[in-house]
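# Topology and contacts: notes
This is what each chain is made of:
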Amino acid sequence: MRKYWKKLLALFYLSLFLIVMTGCWDNLDITDRAFVSAVGLDKGKNGQVEVTLQIIKPNVIKENRQGGSGESALWSFTTTGETVFDAIREQLKAVNRKPLYSHIRLIIIGEDLAREGVRDILDFFIRDQEIKITPKLLVTRNVKAKEIVNATSLLEVIPALHLEGILENNAFEGETRDVEFIKVLQELTAPHASGVIGSIAASNKAQITQINDLEIEGAGILKKDRLVGFLDKKQIRGYLWIKDEIKGGVMVIENPIEKGKKITIEIKTSTGKIDAEIENGELILKTRVKMLGSINEYQGSKYIESDKLTRLIEKAAEREIESNVKEIIKVSQREFKTDFIGFGNKVFQHYNNYWEEINGNWDKVFSQLPVEISVDVTMRRTGITEKPIPIQ
């Protein structure tokens, strides 16, 4: 028995030793690393791929915090290769430190490259064990990805963090889609492959040098893995409503009792759902949105009994949301004739045999189907005061 416990103890210490050694063999000082914060992917010449890396210089950040020279803590470089990995290996000819990819915040895909398909260019990011599955994806519109990666920030030491913050803020307001790499992969490998990715474009300025020369709004539509078009910031809101991705922000509606005046509603909570049902032998697509809000601003001088006014505001908000949803369904069924919303995956889940019959022709079938829309809005409160400011 004692011999058994000695062997067990010896095995424990051996395992501990191996764990410690494994953690230390590549133990480089942080200042000897080149941390990659953003990656830009563009279409190169002759079928090649351009890769632009935004690299953080930790030693410069450290020196600047200690009152250093004020040297830029960022460095970016573009290389070309037959594949993404080939182009990344070319970086080693100019970067004198081992790039570390575990801190990537953004992967930005150029429009021209995305129109040819994103499957092959994303394959490297799936396979590399160092890269996490949480970077955010963006697709460019009328601008190259490397121009965005090269843009500097006046607010953040690391421009990728500035861009990520803008993406999160605009997605919260329902003007773009904030989506992680792993989510896009899930959507592209679903029974009906499609996806929606936030888009980034140049503002009205001719040259991009800083992040305030850019705007993140709207989204790109992927059919299978190819970019087929874009949604503007109004159209994307309808998509976010029914995909349960509106988590806050505000909506502005017409004052139902005073023409030309507005009411601002803060969105407290929202839930959205899409579904598919066969009724009397017919396939019907359904959407449902529920929203809880509060009145944060009231324009106008007219006022009626509180409960009645609240219900009129709820109805006006429901019409606004329903309009958003109708618009995105129209765009999906009529303009692009592709189910990027994901109804087909619901058909697959509930009616697998039916799906097998129409799978190869789903987008055509989808474009002809009726869609039922249900919207329910509840106003929780009207703020500290109920009535408008009583100016005589």
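Residue positions are counted from 1 within each chain, in the order its sequence is given. Where totals are concerned, whole chains, interfaces and linings use all residues; where local detail is concerned, this predicted model gives features only for residues with pLDDT of at least 70, and gives and counts side-chain atom pairs only at 80 or more. Excluding hydrogens and water, the side-chain figures rest on all heavy atoms present in the structure.

## Points about the overall build of the protein chain
Secondary structure elements follow DSSP: runs of H or I no shorter than four residues count as helices, runs of E no shorter than two count as strands, and numbering proceeds from the N terminus. Of the regular secondary structure elements, the protein chain holds 13 helices and 13 strands. The buried label goes to any residue with under 20% of its type's maximum accessible area, the exposed label to any with over 50%, and the partly exposed label to all in between, with areas taken from a 1.4 Å probe on protein chains only. The buried share among the 392 residues of the protein chain stands at 46%. Should any heavy atoms of two residues lie within 4.5 Å, those residues are considered in contact. Of the contacts formed within the protein chain by residues at least 6 apart in sequence, a portion of 68% connects residues at least 24 apart. In this description, accessible areas are obtained by the Shrake-Rupley approach with a 1.4 Å probe, and a residue is regarded as covered only by the protein chains that are shown. Of the accessible surface of the protein chain, which amounts to about 21,400 Å², a share of 50% is contributed by carbon and sulfur atoms.

## Thoughts on the confidence of the model for the protein chain
A residue's pLDDT is the predictor's confidence in that residue, given on a scale from 0 to 100. Within the protein chain, residue pLDDT values average 87, and 84% of them lie at 70 or more. Confidence drops under a pLDDT of 50 for residues 1-26, and excluding neighbours within four residues, the segment shows one contact in the predicted structure.

## What to know about unusual backbone geometry
Even without being a glycine, asparagine 142 presents a positive backbone phi close to 60°. The residue asparagine 142 is located in the loop between strand 6 (136-141) and helix 6 (145-150) in this model. For asparagine 142, a relative accessible area of 68% translates into the label exposed. For lysine 337, which is not glycine, the phi torsion reads 50° and is therefore positive. Mapped onto the fold, lysine 337 is located in the loop between helix 10 (306-335) and helix 11 (343-350). Classification of lysine 337 as partly exposed rests on a relative accessible area of 48%.

## Quick look at the packing of helix 9 (residues 233-242) against helix 10
Orientation is described by axes fitted as lines to C-alpha atoms, over the contacting stretch for helices, and by angles from 0 to 180 degrees between their N-to-C directions. The contact between helix 9 and helix 10 brings their axes to 7 Å, and the two run at 105°. Classified by the angle between their axes, helix 9 and helix 10 sit roughly perpendicular to one another. Residues Gln235, Arg237, Gly238, Tyr239, Trp241 and Ile242 of helix 9 form the contact with helix 10, whose own contacting residues are Ile321, Asn324, Val325, Glu327, Ile328 and Val331. Classifying every residue of the contact of helix 9 with helix 10 gives seven nonpolar, three polar and two charged. When describing relative orientation, an angle under 35 degrees is termed roughly parallel and one over 145 degrees roughly antiparallel, while 65 to 115 degrees is termed roughly perpendicular and anything else oblique. Under this grouping Gly is polar, as are all residues other than the nonpolar Ala, Val, Leu, Ile, Met, Phe, Trp, Tyr, Cys and Pro and the charged Asp, Glu, Lys and Arg.

## Digging into the nonpolar core
Only buried residues count toward a nonpolar core. Its members are Ala, Val, Leu, Ile, Met, Phe, Trp, Tyr and Cys residues joined through side-chain atoms within 4.5 Å. The biggest cluster of nonpolar side chains holds 45 residues, and the ones touching the most others in it are Trp241, Ile265, Ile321, Phe340 and Trp362. The dominant element in this core, judged by the number of residues it contributes, is helix 10, at nine residues. Aside from chain neighbours lying at most four places away, what touches tryptophan 241 is Ile246, Met251, Ile267, Ser270, Gly272, Val289, Met291, Ile321, Asn324 and Val325.

## Focus: the pattern of salt bridges
Each reported salt bridge corresponds to a side-chain nitrogen of Lys or Arg within 4 Å of a carboxyl oxygen of Asp or Glu. Under the criterion given, the structure shown has 23 salt bridges. Between aspartate 120 and arginine 119 there is a salt bridge, with the nearest N and O atoms lying 3.4 Å from each other. Here aspartate 120 matches arginine 119 in class, with each residue exposed. Residues glutamate 245 and arginine 177 are paired through a salt bridge, measuring 2.8 Å at the closest nitrogen-oxygen approach. Residue glutamate 245 is located in the loop between helix 9 and strand 10 (250-254), and its partner arginine 177 is located in the loop between helix 7 (159-172) and helix 8 (181-188); the two are separated by 68 residues in the primary sequence. For glutamate 245, a relative accessible area of 22% corresponds to the partly exposed category. Of the residues examined, arginine 177 reaches a relative accessible area of 1% and is grouped as buried. A network of salt bridges, in which partner residues are shared, links Arg105, Lys136, Glu164, Glu168 and Asp178.

## Remarks on the side chain of threonine 287
Mapped onto the secondary structure, threonine 287 falls in strand 12 (residues 282-298). According to the relative accessible area criterion, threonine 287 is buried, its value standing at 4%. If sequence neighbours within four positions are ignored, threonine 287 has contacts with Ile242, Lys273, Ile274, Val325, Ile329, Phe343, Val371, Glu372, Ile373 and Ser374.

## Details of helix 10
Expected span of a helix, by definition, is 1.5 Å for each gap between consecutive residues, and there is one gap fewer than residues. For helix 10, spanning 30 residues, the distance from its first C-alpha to its last is 42 Å, which sits close to the expected 44 Å at 1.5 Å a residue. Two residues or fewer after helix 10 comes lysine 337, characterised by a positive phi angle close to 50°.

## Re the packing of aromatic side chains
The aromatic pairing rule takes the rings of Phe, Tyr and Trp, using the six-membered ring of Trp, and pairs them if the centres are within 6.5 Å, calling planes under 30 degrees apart stacked, those over 60 edge-to-face and the rest tilted. Per the stated rule, a full pass over the model turns up nine aromatic pairs. Each ring, one from phenylalanine 85 and one from phenylalanine 124, has its centre 5.6 Å from the other, and the planes form 25°; the classification is stacked. With a gap of 39 residues between them, phenylalanine 85 in helix 3 (residues 84-90) and phenylalanine 124 in helix 5 (residues 119-127) connect regions that are remote in the sequence. Look at phenylalanine 124 and you get buried, because its relative accessible area is 11%. Through pairs of rings, three or more aromatic residues link up here, namely Phe85, Phe124, Phe125 and Phe181.

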